[in-house]
Amino acid sequence: TDNRPDFQRMIKDSYKNAFDTVLVWKLDRFSRDRYDSAYYKQILKKNGVKVISIKENISDGPEGIILESILEGFAEYYSAELSQKIQRGHHDNALKAKNNGGYTPLGYVVDPAEHALAIDPITAPLVREIYDRYDKGDRITDICESFRQRGIKTKRGTEFTMGTLNRVLTNRRYIGEYKYDDVVIPGLIRLGYAPEDAR
């Protein structure tokens, strides 16, 4: 995508006439979006900068325009097809309740053999403590302060906050519910219970 800091810095630097050529391994390294490619190449062209592909021999004549358009079309097609395959793979994983990456909730680890969430014996007791104390009427601020005094940190190594504990108490993974997009599978590993159960 064009959301690359160094790519944008290159475009800005082209206005300073600091260089006259951009070398890319292949055109799909410049962009996999035909609109972005045309837009940024036009900016570079106005600034006297030419984009040259090392692996693709593209002439300066009319036939080069056609070849470049075809190569950019293939790059965008590949990107779209790859995205579809990844989404399909994630959906298939979800139907099997397998982990699709992202942040692993406190109290769980990803089982490398099953690619699914499993109870983390080290941090699971913290989750159970949070739920037990909340069930008994402890305030979230008191639980946070208790954890701070005991030096207990989150998985990211930060102190527990009200926001952190709220996310734990409202995360439906702790009642054994797996959700990914439109796939919802109940009855998996349960570490806690929903806050409404406590009430």
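Here's what I pulled together on the structure shown here. What you are looking at is a predicted structure, and each value in this text was computed from that prediction instead of being measured.

**Observations concerning unusual backbone geometry**
- Here asparagine 17, not a glycine, exhibits a phi torsion of approximately 55 degrees, which is positive.
- Considering the arrangement of structural elements, one finds asparagine 17 in the loop between helix H1 (5-14) and strand E1 (21-24).
- For asparagine 17, a relative accessible area of 60% translates into the label exposed.

**Points about the pattern of salt bridges**
- Applying the stated criterion across every chain, the model contains 10 salt bridges.
- Measuring nitrogen to oxygen at the nearest pair gives 3.2 Å for the salt bridge that ties arginine 148 to glutamate 145. Remark: glutamate 145 and arginine 148 occur in helix H6 (residues 140-149); sequence separation between them is 3 residues, near one turn of the helix.
- Residue classification places glutamate 145 among the partly exposed residues on the basis of a relative accessible area of 34%.
- Put simply, Asp6, Arg9, Asp13 and Lys16 are held in one network by salt bridges that share partners.

**A short note on the pairing of strand E2 (residues 50-53)**
- Residue alternation in E2 divides its side chains into a buried set, Val51 and Ser53, and an unburied set, Lys50 and Ile52.
- In this structure, E1 lies alongside E2, joined through 4 bridges in parallel fashion. Considered in E2, the bridge of leucine 23 is made with isoleucine 52.

Criteria and thresholds
Residues numbered from 1 in each chain as written. Predicted model: local features only at pLDDT ≥ 70, side-chain atom pairs only at ≥ 80, totals over all residues. Heavy atoms only, no water. Helix = DSSP H or I, 4+ residues; strand = E, 2+ residues; numbered from the N terminus. Buried < 20%, exposed > 50% of the residue type's maximum accessible area, 1.4 Å probe, protein only. Salt bridge = Lys/Arg side-chain N within 4 Å of Asp/Glu carboxyl O. Pairing = 2+ DSSP bridges.

Function-wise, these values are silent; they only describe arrangement.
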